[in-house]
Amino acid sequence: MSDFFTANISEADPIVSNAIDNEVRRQTEGLELIASENFVSEAVLQAMGTVFTNKYAEGYPGKRYYGGCEFADVVENLAIDRATQLFGAEHANVQPHAGAQANMAVLMTALDHGDQILGMNLSHGGHLTHGHPLNFSGINYKVADYGVSRDTEQIDYDELERIAEESKPKLLICGASAYPRTIDFERIGEIGRSVGAKIMADIAHIAGLVATGLHPSPVPHCEFVTTTTHKTLRGPRGGLILCREEFAADVNRSVFPGTQGGPLVHIIAAKAVAFGEALRDDFKIYQQQIIDNARVLATTLSDAGLRLVSGGTDNHLVLVDVFMDGKGITGKAAEKALGDVEITVNKNTIPFDTQKPFIASGIRLGTPALTTRGMKEADMRLIGKMIASVIQDPESEEVKARVRRDVAELTAKFPMYPDRLKEPHGDAVSMS
Ligand code: DSN
């Protein structure tokens, strides 16, 4: 046999192998606070790295366009069954490659080209695929948008109702990517129905909370629910659509052949593993800890003098106004300063932001990944103080040196991926 089937990646492609080793070390030695990221289990990683990547399986279980799909059917059926059980949904399509593809397929199902949609404004916490002018959703459909009120920085449901009555959308899109508060799906469902709209909830960020009953579910109130599988849900990078049985055939057609070709069977296998993990009792304990950690992080930052958008959090994320009308620093500067001390966050616009998106007045912090590592409230207090000290003195090398030491000490207590973390190995970890 040639070494094609046997050579380890470190021999076959040392450059890529080194980048992977470096990434394992970066994730392990830093504090990952990007709200949309998480760390999957070793079992999920193993399912992704399998020979299912070799397989074409266009179509659906039992109705494929290629032979040899019997084991692809096993994992896809399992993923579908587990997803419907997890969310109490009538139908699941587990093939979307990502959240954007899931949303595209639902819009294709519910709308004709040029129809009216109503989605949450991106700068108020929405998502590109909810009607942004540069995205397919804003290019192919007429868009109206809603947002949060200036006073509370929470969704203004009365105003949403008014805009819905005025714009008469065929599809009302709810869900958000930077909104720290509970979303009232029941009220949105009532508003949508009162104007004759179908409703799509994109629960990408809060899927784990919804699956465990820690955030009210949109499933009873919305025709379509989409999500990614890799955020709070802690599965592989990918998408998922849930819908009522009456839309199942149309949704399936919109995914394949409507917007995608062959499904990523190795990812579907990993989704099945992740959904299995999410069905276990300990997943609810994990999700509750995510929320508890976010609350403590929020309180610590607020006590240190930082302004929180909407005043706090109900979920897994905290949106911090670091600019504070010019009294602080920009989101971009905060992201860079925190990156210098191995704390990874993303700059984020805040509602009614005066800065451009690439500069932004805020940073978005989330607790799913660190909670997966086992961190709890006491660790969040330490982290909140570290973040505040860097943001309040971003030029101080003394502060940065101290926080770097604190980050190293804390992360060392919460090891992960022991079989994947390699000792730094000279040239082997160099990027040159
Ligand atoms: N990029 C994702 C996030 O960070 O929220 C949304 O698609």
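Bear in mind that the values here come from a model prediction, so they are computed numbers and not experimental data.

Draft legend 1. Spotlight on the sheet that holds strand 12 (residues 317–321). Across the sheet, which stays open at both edges, the 4 strands sit in the order 11-12-15-14 with antiparallel pairing between neighbours. Two strands bound the open sheet, and with one partner strand each, they are strand 11 (307–308) and strand 14 (346–348). Two elements, strand 12 and strand 15 (residues 362–366), share 5 bridges in a ladder whose sense is antiparallel. When the sheet's bridge partners are listed, Leu317 is paired in strand 15 with Gly366. Sheet strands in contact with helix 12 (residues 281–303) are strand 11, strand 12 and strand 15, and its direction is about 15° off that of strand 12. Against the sheet, helix 13 (residues 331–340) engages strand 14 and strand 15, with an angle of about 45° to strand 15.

Draft legend 2. Structural context of helix 5 (residues 99–110). Its 12 residues place the ends of helix 5 17 Å apart at the C-alpha level, agreeing with the 16 Å of an ideal helix rising 1.5 Å per residue. All of the buried residues in helix 5 are Gly99, Ala102, Asn103, Ala105, Val106, Leu107, Thr109 and Ala110. Of the surrounding secondary structure, the elements contacted by the buried residues of helix 5 are helix 6 (136–140), strand 7 (171–174), strand 8 (198–202), strand 9 (224–228), strand 10 (239–243) and helix 10 (248–259).

Draft legend 3. Quick peek at the pattern of salt bridges. Taken as a whole, this structure holds 21 salt bridges when the rule is applied. One salt bridge in this structure joins Glu335 and Lys347, with 3.3 Å as the shortest N-O distance. Of the two residues, Glu335 sits in helix 13 while Lys347 sits in strand 14, which places them 12 residues apart along the sequence. A relative accessible area of 26% places Glu335 in the partly exposed class. Three or more residues are tied together by salt bridges with common partners; here these are Arg64, Asp73 and Glu76.

Draft legend 4. Region of interest: the nonpolar core. Grouped together as the largest cluster of nonpolar side chains are 50 residues, with contacts concentrated most on Phe87, Tyr146, Ile155, Leu160, Leu172 and Ile203. Among the elements that make up this core, the one with the highest residue count is helix 4 (residues 70–87) (5 residues). Counting residues in each nonpolar core, the second largest holds 35 residues, with Leu33, Leu306, Leu308 and Ile343 among its members.

Draft legend 5. Local environment of the packing of helix 7 (residues 157–167) against helix 8 (residues 185–194). For the pair helix 7 and helix 8, interaxial distance at closest approach is 10 Å and the crossing angle is 20°. On the basis of their axis angle, the class for helix 7 and helix 8 is roughly parallel. Handedness of the crossing formed by helix 7 with helix 8: right-handed. In this structure, helix 7 contributes Tyr157, Asp158, Leu160, Glu161 and Ala164 to the contact, and helix 8 contributes Arg187, Ile188 and Ile191.

Draft legend 6. Region of interest: unusual backbone geometry. Cis geometry is adopted by the peptide bond preceding Pro257, which originates at Phe256 and carries an omega value of 10°. Its location among the elements puts Pro257 in helix 10. If you check the backbone angles, Glu153 has positive phi at about 55° while not being a glycine. Its place among the elements puts Glu153 in the loop between strand 6 (142–146) and helix 7. Of note, the phi angle at Ala360 is positive, near 65°, even though the residue is not glycine. Along the chain, the position of Ala360 falls in the loop between strand 14 and strand 15.

Draft legend 7. Geometry of a negative patch on the surface. On the surface, a cluster of negative charge is made up of Asp393, Glu395, Glu397 and Glu398. Here Glu398 is to be found in helix 16 (residues 397–412).

What counts and what doesn't
Residues numbered from 1 in each chain as written. Predicted model: local features only at pLDDT ≥ 70, side-chain atom pairs only at ≥ 80, totals over all residues. Heavy atoms only, no water. Pairing = 2+ DSSP bridges. Helix = DSSP H or I, 4+ residues; strand = E, 2+ residues; numbered from the N terminus. Contact = heavy atoms within 4.5 Å. Axes fitted to C-alpha atoms, helices over the stretch in contact; angles between N-to-C directions. Expected span 1.5 Å × (residues − 1). Buried < 20%, exposed > 50% of the residue type's maximum accessible area, 1.4 Å probe, protein only. Salt bridge = Lys/Arg side-chain N within 4 Å of Asp/Glu carboxyl O. Core = buried A, V, L, I, M, F, W, Y, C linked by side-chain atoms within 4.5 Å. Parallel < 35°, antiparallel > 145°, perpendicular 65-115°, else oblique. Left-handed = near helix turned anticlockwise from the far one by under 90°. Patch = residues over 30% accessible without salt bridge, like charges linked within 9 Å, V, L, I, M, F, W, Y side chains within 5 Å. Areas by Shrake-Rupley, 256 points an atom, 1.4 Å probe, with all protein chains shown as cover. Lys, Arg positive; Asp, Glu negative; His and termini not counted. Charge placed at Lys NZ, Arg CZ, Asp CG, Glu CD.

Remember that the coordinates give geometry; whether it matters functionally is a separate question.
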